Amino acid sequence: MTPQGVDTETMSPECALAQQPGYEGLHSACSQTKDVPLPHAAGILLVPRCTCPHHVRRR
């Protein structure tokens with residue numbers, strides 16, 4: 001049971017599980033902190049970054 005209004009479908013498995021009570025520490029285990037492009041393909045992502053609020057892009 002995730003908190004209402006939280007979309008876990010675009011999160012990494014670690015961050016999706018971290019939404020559950022008792023698993024909050026798993027955010028630090030997230031391995032999807034940046035976009036990984038598909039080699040030799042312009043604009044296509046092999047692995048998109050996690051959309052969890054804990055991994056806000058810093059400019």
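Residues numbered from 1 in each chain as written. Predicted model: local features only at pLDDT ≥ 70, side-chain atom pairs only at ≥ 80, totals over all residues. Heavy atoms only, no water.

### Observations regarding the overall build of the protein
Then, number 1: Broken down by element type, the protein carries one helix and two strands.
Then, number 2: Ordered by position in the sequence, the α and β elements of the protein form the string α-β-β.
Then, number 3: For the protein, contacts bridging at least 24 residues in sequence account for 25% of all contacts bridging at least 6.
Then, number 4: When the accessible surface of the protein is totalled, it reaches about 4700 Å², and 57% of it is carbon and sulfur. (Helix = DSSP H or I, 4+ residues; strand = E, 2+ residues; numbered from the N terminus. Contact = heavy atoms within 4.5 Å. Areas by Shrake-Rupley, 256 points an atom, 1.4 Å probe, with all protein chains shown as cover.)

### Brief notes about the nonpolar core
Then, number 1: Core analysis: the biggest nonpolar cluster contains six residues, these being Met11, Cys15, Ala16, Cys30, Cys50 and Cys52.
Then, number 2: Discounting residues that sit within four places of it in the chain, Ala16 has contacts with Thr8 and Met11. (Core = buried A, V, L, I, M, F, W, Y, C linked by side-chain atoms within 4.5 Å. Buried < 20%, exposed > 50% of the residue type's maximum accessible area, 1.4 Å probe, protein only.)

### Things to note about the environment of Met11
Then, number 1: Secondary-structure assignment places Met11 in the segment before α1 (13–18).
Then, number 2: For Met11, a relative accessible area of 11% corresponds to the buried category.
Then, number 3: When the C-alpha positions of Met11 and Pro48 are compared, they lie 9.2 Å apart, and in sequence the two are 37 residues distant.

### Focus on a nonpolar patch on the surface
Then, number 1: There is a patch of nonpolar side chains on the surface, built from Val36, Leu38, Ile44 and Leu46 and spanning about 320 Å² of accessible area.
Then, number 2: As for its placement among the helices and strands, Leu38 is situated in the loop between β1 (36–37) and β2 (45–47). (Patch = residues over 30% accessible without salt bridge, like charges linked within 9 Å, V, L, I, M, F, W, Y side chains within 5 Å. Salt bridge = Lys/Arg side-chain N within 4 Å of Asp/Glu carboxyl O.)

### Digging into the confidence of the model for the protein
Then, number 1: Of all residues in the protein, 83% attain a pLDDT of 70 or more, and the chain-wide mean is 83.
Then, number 2: When pLDDT is averaged over each element of the protein, β1 comes out on top at 92 and α1 at the bottom at 90. (pLDDT = per-residue confidence, 0-100.)

### Re the environment of Cys52
Then, number 1: Note that Cys52 resides in the segment after β2.
Then, number 2: Of the residues examined, Cys52 reaches a relative accessible area of 2% and is grouped as buried.
Then, number 3: Spatially, the C-alpha atom of Cys52 lies 8.0 Å from that of Ser12, the residues being 40 residues apart in sequence.
Then, number 4: Leave out the neighbours within four places in its chain, and Cys52 touches Met11, Cys15, Gln19 and His27.

### Quick word on the state of the cysteines
Then, number 1: What the rule picks out here adds up to zero disulfides.
Then, number 2: Of all cysteine sulfurs in the structure, the one in Cys15 sits closest to Cys30, which takes part in no disulfide; the separation is 3.9 Å.
Then, number 3: Look at Cys30 and you get buried, because its relative accessible area is 9%.
Then, number 4: Free cysteine: Cys52, not disulfide-bonded; nearest cysteine sulfur from Cys15 at 4.0 Å. (Disulfide = S-S within 2.5 Å.)

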